[in-house]
Amino acid sequence: VATRLSYLNDEGGFNDALDPDQIEHAATGLDDSIVLKVLSNVEDKFKKGELNNPTSWVCAALVKERQGRAAQTGKNWQQTQPQQQQQQQQQAAAFLQQSTPTGQVLQRVSWLNSGGGFGNAIDANLVVEAAAGLDVSLVMNVLAKVEDKARTGEVSNPTSWVCAALWKERNGIPAHGRSWEA
């Protein structure tokens, strides 16, 4: 894996855009073949010009791979391993630099799931996917709004609510005074 990262950063054209330390941390516990598959995918996306932050993309993909492994065992990740999921979401936020939009969204979702009282009810990966390409301040406003609505009992499925609100924003659907009714 280290050899492949070195190649990509030098001869592969990434010009040191891949942070080996963050990727190594994100890959902890995963089989090398999975990590190499993710690196192959990032290389394809990079060549097509589809990436702004390849390190963030790799770290998020590795988190998804880790979650996929749990799903393949037939276990419900949220119900059987909530502490591990919470830890994973916190680690995902730490993998990404706080200054990146993806990192900011992951940190906020991680906090909502732990300190915010959502008890891991918000799927960070789905929120990050729904937020892709949107201004981070808009995403943060949606996350603040779901927190407010949850306190009043208006939201039963926060992941669906956030994703629907982000979809409306992406598609320019008026949200009646920014109430983001989902």
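Up top is the structure.
Keep in mind it's a predicted model, so treat the numbers as computed, not measured. (Residues numbered from 1 in each chain as written. Predicted model: local features only at pLDDT ≥ 70, side-chain atom pairs only at ≥ 80, totals over all residues. Heavy atoms only, no water.)

Caption draft 1: The overall build of the protein chain, seen in detail. Per the secondary structure count, the protein chain includes ten helices and zero strands. In the protein chain, the succession of α and β elements from N to C terminus is α-α-α-α-α-α-α-α-α-α. Scored against the burial criterion, the 182 residues of the protein chain give a buried share of 42%. At a minimum sequence separation of 6, the contacts of the protein chain that also span at least 24 residues come to 59%. (Helix = DSSP H or I, 4+ residues; strand = E, 2+ residues; numbered from the N terminus. Buried < 20%, exposed > 50% of the residue type's maximum accessible area, 1.4 Å probe, protein only. Contact = heavy atoms within 4.5 Å.)

Caption draft 2: Highlighting the side chain of threonine 55. Turning to its location among the elements, threonine 55 is positioned in helix H4 (residues 54–72). The class of threonine 55 is buried, set by a relative accessible area of 4%. Polar contacts involving the side chain of threonine 55 include one to the main-chain amide nitrogen of aspartate 19, which spans 2.8 Å. (Polar contact = N/O pair within 3.5 Å; in protein donor to acceptor, adjacent residues only side chain to side chain.)

Caption draft 3: Up close: the environment of leucine 138. By secondary structure assignment, the location of leucine 138 is in helix H9 (residues 136–151). Spatially, the C-alpha atom of leucine 138 lies 8.5 Å from that of leucine 166, the residues being 28 residues apart in sequence.

Caption draft 4: Examining the nonpolar core more closely. Among the nonpolar cores identified, the biggest contains 23 residues, and Val127, Leu143, Val162 and Leu166 are the most heavily contacted of them. When contributions to this core are tallied by element, the ones reaching two or more residues are helix H7 (101–114), helix H8 (124–131), H9 and helix H10 (158–170). Discounting residues that sit within four places of it in the chain, leucine 143 has contacts with Val105, Arg108, Val109, Leu112, Val127 and Val162. Judged by nonpolar contacts, the second largest core, of 18 residues, contains Leu5, Leu8, Ala27 and Ile34. (Core = buried A, V, L, I, M, F, W, Y, C linked by side-chain atoms within 4.5 Å.)

Caption draft 5: Just the layout of surface pockets, in detail. The calculated volume of the largest pocket comes to roughly 620 Å³. Residue lining of the largest pocket: 23 residues in total, with Trp57, Thr102, Val128, Ala132 and Gly133 positioned closest to the centre. With five residues, H4 is the single largest residue contributor to the lining of the largest pocket. Of the residues in the lining of the largest pocket, the class split is twelve nonpolar, seven polar and four charged. By volume, the second largest pocket amounts to about 170 Å³. As for the second largest pocket, its lining consists of 13 residues, of which Val1, Ala2, Leu5, Pro20 and Glu24 are closest to the centre. For the lining of the second largest pocket, the secondary-structure elements that each account for two or more residues are helix H1 (2–9), helix H2 (20–26) and helix H3 (32–47). (1 Å grid on protein atoms, 1.4 Å probe; cavity = no way out; pocket = protein on both sides within 12 Å on 5 of 7 lines; lining within 4 Å. Points joined across faces, edges and corners; volume = space filled by probe spheres on them. Nonpolar A, V, L, I, M, F, W, Y, C, P; charged D, E, K, R; others polar.)

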